[in-house]
Amino acid sequence: GLATGTGVGVSTLISRALGREDPKQASKVAGSALFLCLCCWALMFVFGLFGADWFINTQTDDPVIREYAKSYLKIVSIVSLFVYFEICFERFLQSSGLTKYSMWTQIIGAVTNIVLDPFFIFGWCGLPAMGTAGAAIATVIGQAVGTVVGLIFHLKHNHEIKLNLKYIAPDWKIIGNIYRIGFPSILMMCIGSVTNYTMNRILIGFTSTAVAVYGAYFKIQSFFFMPVFGLNNGLIPILGYNYGAAKRDRIHRTIKYGVMFAAVFMVAGCVIFELIPDILLMIFSPSEEMLAIGVPAMRRIALHFPIASFCIIAGSACQALDKSVLSLITSCMRQLVALLPAAYLLSLTGNVDNVWWCFLIASFMSLICSTFFLRKTLRDVDKKLSKNQALT
């Protein structure tokens, strides 16, 4: 949450500066971003030392799960320095339009993690078998490799943003603007965690298999949601750049194309979930009970995919156009006001199949908020840019 939210603020401010043809300001934002990476890491370092045990103990009483979780969480928290710098360099590249290199930074880091996992988890090639601690070590090594690759790409190809020690000194005005834009993203991710935790508590009231189905759904749906989130990463700097350059038509066209491409991914996901949910669940070697719960669950949840495509793009547009708080309100309305209460009320029917309708109910709430807020944002942007053009 800290890394992603900070990255949203950084990429938006850099894109606006480049749109105004002000590379010096873009470099100052980059310097402040590096300073914030160190600050965020310091917070997670302290959490890893003193808060990880407490956090895990609130989740489960199972001593085996506690031991696995604590060993993993402590390592990824204490050595989280690299995840902040990796995402930071990715955002520098995205903000300058070098999205190909940002993609390769993520891919190389992720592949490193995947390749190293079995060596550290199971003790291949003479290494000690370290279980979840080994998975954590593979994770931080992958993040470190991603950081180095991102830095190399930035220094070699990103000539618009200069990394200079004099810019790393904190500029509190820039930092304030970064979090004014990015803080809602941090809160939205926190809200997402609260939502998952509460949904698990509701579903465990039926059976642990329902919780397993919920977890399986989230892993599978990422294949369709992640391309849309990747589309967002490209959308935000483009909108920020054109906002800084006062190009209203391109802002509107960018949003239109973003919604169209997002809808393609999400409609495809909806169709696949409706036609072959049982085959998708086979990835997890499901029991008969899991299939009995999972097949109708996947079909009912997937109905909200096409609606979500518009809502995701609308939220990113509001963030890029200086209305981040509206995205936060939409997220709160969807998850805290609609999804969780609906899930609880539907659970009172005593039929777990009914609980899954909460996603569709929440999406309609999100659609109403997203439509209203996006129209308001675009009206405000048009007025502001028209006023600035009149003054010049």
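From a predicted model like this one, the values you see are computed outputs, not experimental measurements.

(A) Representation of the packing of aromatic side chains. Within this structure, the stated rule accounts for 17 aromatic pairs. Measuring from centroid to centroid gives 6.3 Å for Phe47 and Phe55, while their planes differ by 70°, and the two rings are edge-to-face. By relative accessible area, Phe55 is classed as partly exposed at 36%. Summarising the aromatic geometry, the rings of Tyr101 and Phe153 are spaced 5.1 Å apart at their centres and angled 50° between planes, so their arrangement reads as tilted.

(B) Structural detail: helix α13 (residues 288-302). The end-to-end C-alpha distance of α13, which contains 15 residues, comes to 21 Å, matching closely the 21 Å that a straight helix rising 1.5 Å per residue would cover. At Gly294, α13 shows its maximal bend, which comes to roughly 25°, and the proline Pro296 appears one to four places after that position.

(C) Local environment of the nonpolar core. The biggest cluster of nonpolar side chains holds 84 residues, and the ones touching the most others in it are Ile14, Phe92, Met199, Ile251, Phe273, Trp356 and Phe359. If one sorts the elements of this core by residue count, helix α10 (residues 208-244) sits on top with 13 residues. Residue contacts for Phe273: discarding those within four places in its chain leaves Tyr217, Ile220, Gln221, Phe224, Leu280, Met298, Arg299, Ala302 and Phe305. One finds Ala52, Ile56, Ala136 and Val140 within the second-largest nonpolar core, a separate group that totals six residues.

(D) Representation of the pattern of salt bridges. Taken as a whole and judged by the stated rule, the model has five salt bridges. Across the pair Lys74 and Asp53 runs a salt bridge, and its minimum N-O distance is 3.3 Å. Placement of the pair is Lys74 in helix α4 (residues 63-78) and Asp53 in helix α3 (residues 52-57), with a sequence separation of 21 residues. Classification of Lys74 by relative accessible area gives partly exposed; the value is 30%.

(E) Spatial organisation of the environment of Leu378. Assignment of secondary structure puts Leu378 in helix α17 (residues 358-391). Measuring from C-alpha to C-alpha, the distance between Leu378 and Ala317 comes to 9.1 Å, with 61 residues separating the pair along the chain.

Conventions and cut-offs
Residues numbered from 1 in each chain as written. Predicted model: local features only at pLDDT ≥ 70, side-chain atom pairs only at ≥ 80, totals over all residues. Heavy atoms only, no water. Phe/Tyr/Trp six-rings, centres within 6.5 Å; stacked < 30°, edge-to-face > 60°. Buried < 20%, exposed > 50% of the residue type's maximum accessible area, 1.4 Å probe, protein only. Helix = DSSP H or I, 4+ residues; strand = E, 2+ residues; numbered from the N terminus. Expected span 1.5 Å × (residues − 1). Bend = angle between axes of the 7 residues up to and from the residue. Core = buried A, V, L, I, M, F, W, Y, C linked by side-chain atoms within 4.5 Å. Contact = heavy atoms within 4.5 Å. Salt bridge = Lys/Arg side-chain N within 4 Å of Asp/Glu carboxyl O.

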